[in-house]
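Notes for the structure review
Residues per chain, in single letters:
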Amino acid sequence: QPLSVCRPWIIPAESGYRMYYVWAMPDVIAMRYRICTATSKDLKKWEIKAEPVIESFQGNEHIASPCAVRVDGHIRMYFTASRQHQKGDKVYAAESTDGEHFTVDKKAIYAPEGGTEYESSCYTPSIFQKDGKWKMVFSGMSKKGRYTTFIADSTDGVKFNRGKSLISQETDVRFKNGAYKAVFFEDYVYFVGVDGN
């Protein structure tokens, strides 16, 4: 049985809706995280696909934080991957024509950067288009283990510039082990916080 199912991302689909979510399963050595999918006609009853849509690659066992966007008739999935939990998370992209079979670009599109407040980890990407440009809101962890939410821009949705601080949890004791994830709904951006507990 999975230990956790979390971080849902829902998009319109051919016959209703498609949800991507994170499936966490205990392993002999450590936790394994994978991205799975399910479909629904009414957002209440879901038909689950048994196999993950994004599997482990290059030793990355922590595959999480799905963000699916429709681009030119196909689905681009943004997600994070790392070898260890909360260490060295990078943002990757994968492409699919049917929403279930993805081709993963094994080169990260965004990674921790020295001299920034996301030099240890960057994850939970939320990506959208506005005024002809792409924007990515993501959480970053500093070497001190503190979290900040950043925003970065792109012209093509693949190469993003250096992130600028948007919201910091530096002084909020509730966010010692967690950060915000941006959720977009009806032209508003909501920041959903988790304290890691």
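The structure presented is a predicted model; accordingly, all values stated were derived computationally and were not measured.

Before going further, it helps to examine the sheet that holds strand E10 (residues 133-141). Strand order in the open sheet formed by four strands is E9-E10-E11-E12, with antiparallel pairing between adjacent strands. In this open sheet, the two edge strands, each paired with only one partner strand, are strand E9 (121-130) and strand E12 (164-168). Here the strands of the sheet are splayed against their neighbours by 25 degrees on average, with no regard to which way each runs. Across four bridges, strand E11 (residues 147-154) lies against E12 in antiparallel orientation. Bridged to Thr148 within E12 is Ser168.

Across the nine residues of E10, seven count as buried, placing the element largely inside the fold. The pairing of E9 with E10 spans eight bridges and is classified as antiparallel. Residue pairing in the sheet places Ile127 in a bridge with Met136 of E10. Here E9 hands over to E10 after two residues, with Asp131 in that stretch at a positive phi of 50 degrees. The sheet contact formed by E10 and E11 spans eight bridges and is antiparallel. Of the residues in E11, the one forming a bridge with Met141 is Tyr147. In this structure, the hairpin formed by E10 and E11 is closed by a connection of five residues, where Gly145 is found at a positive phi of approximately 85 degrees.

With 34 residues, the main nonpolar core has Tyr20, Ile54, Phe79 and Tyr110 as its most contacted residues. For this core, the elements supplying multiple residues, two or more each, are strand E1 (4-13), strand E5 (62-71), strand E6 (74-82), strand E7 (90-96), E9, E10 and E11. Contacts of Ile54, omitting those with residues within four sequence positions, involve Arg34, Ile35, Ile63, Phe79, Ala94, Phe102 and Val104. In this structure, Tyr21, Trp23, Cys36 and Ala38 belong to the second largest nonpolar core, which totals six residues.

Let us now look at a nonpolar patch on the surface. Together, Val183, Phe185, Tyr188, Tyr190 and Val192 give the surface a local cluster of nonpolar side chains, amounting to about 510 Å² of exposed area. The dominant element in the nonpolar patch, judged by the number of residues it contributes, is strand E14 (residues 188-193), at three residues. Within the secondary structure, Val183 is located in strand E13 (residues 180-185). On the accessibility criterion, Val183 (32% relative accessible area) is partly exposed.

Here Ser40 shows up in strand E3 (residues 31-40). Under the relative-accessibility criterion, Ser40 is labelled buried at 4%. A distance of 3.1 Å separates the side chain of Ser40 from the backbone nitrogen of Asp42, its partner in a polar contact. One polar contact links the side chain of Ser40 to the main-chain carbonyl oxygen of Lys45, over a distance of 2.8 Å. Those residues in contact with Ser40 that sit more than four places away from it in its chain are Ser15, Gly16, Tyr17, Lys45 and Trp46.

With that out of the way, let us pick up the side chain of Ser121. Within the secondary structure, Ser121 sits in strand E9. In terms of polar contacts, Ser121 uses its side chain to reach the side chain of Asp89, at 2.6 Å.

Reading the values: the criteria
- The residue count restarts for each chain, going from 1 along the sequence in the order it is written.
- For this predicted model, a pLDDT threshold of at least 70 governs which residues receive local features, and a threshold of 80 or more governs which side-chain atom pairs are given and counted, while totals over whole chains, interfaces and linings are taken from all residues.
- The basis for the side-chain values is all heavy atoms of the structure; hydrogens and waters are excluded.
- A pair of strands counts as paired when DSSP detects no fewer than two bridges linking them.
- Only runs of H or I of at least four residues qualify as helices and only runs of E of at least two qualify as strands under DSSP, and these elements are numbered from the N terminus.
- The axes used here are C-alpha line fits, helices contributing only the stretch in contact, and every angle between their N-to-C directions lies in the interval 0 to 180 degrees.
- Classification of residues uses two cut-offs on accessible area relative to the type maximum, computed with a 1.4 Å probe and protein chains only: under 20% is buried, over 50% is exposed, and between them is partly exposed.
- Among buried residues, those of type Ala, Val, Leu, Ile, Met, Phe, Trp, Tyr and Cys that are joined through side-chain atoms within 4.5 Å constitute a nonpolar core.
- By definition in these notes, contact holds between two residues if any of their heavy atoms fall within 4.5 Å.
- A residue counts toward a patch only above 30% relative accessible area and without a salt bridge, and it is joined to like-charged neighbours within 9 Å or, for Val, Leu, Ile, Met, Phe, Trp and Tyr, to nonpolar neighbours within 5 Å.
- We get accessible surface area from the Shrake-Rupley algorithm with a probe of 1.4 Å; when it comes to residues, only the shown protein chains can shield them.
- Salt bridges are defined by distance alone: a side-chain nitrogen of Lys or Arg within 4 Å of a carboxyl oxygen of Asp or Glu.
- Any pair of nitrogen or oxygen atoms within 3.5 Å is treated as a polar contact; in protein, a donor-acceptor pairing is required on top of that, and neighbouring residues in sequence qualify only through side-chain atoms on both sides.

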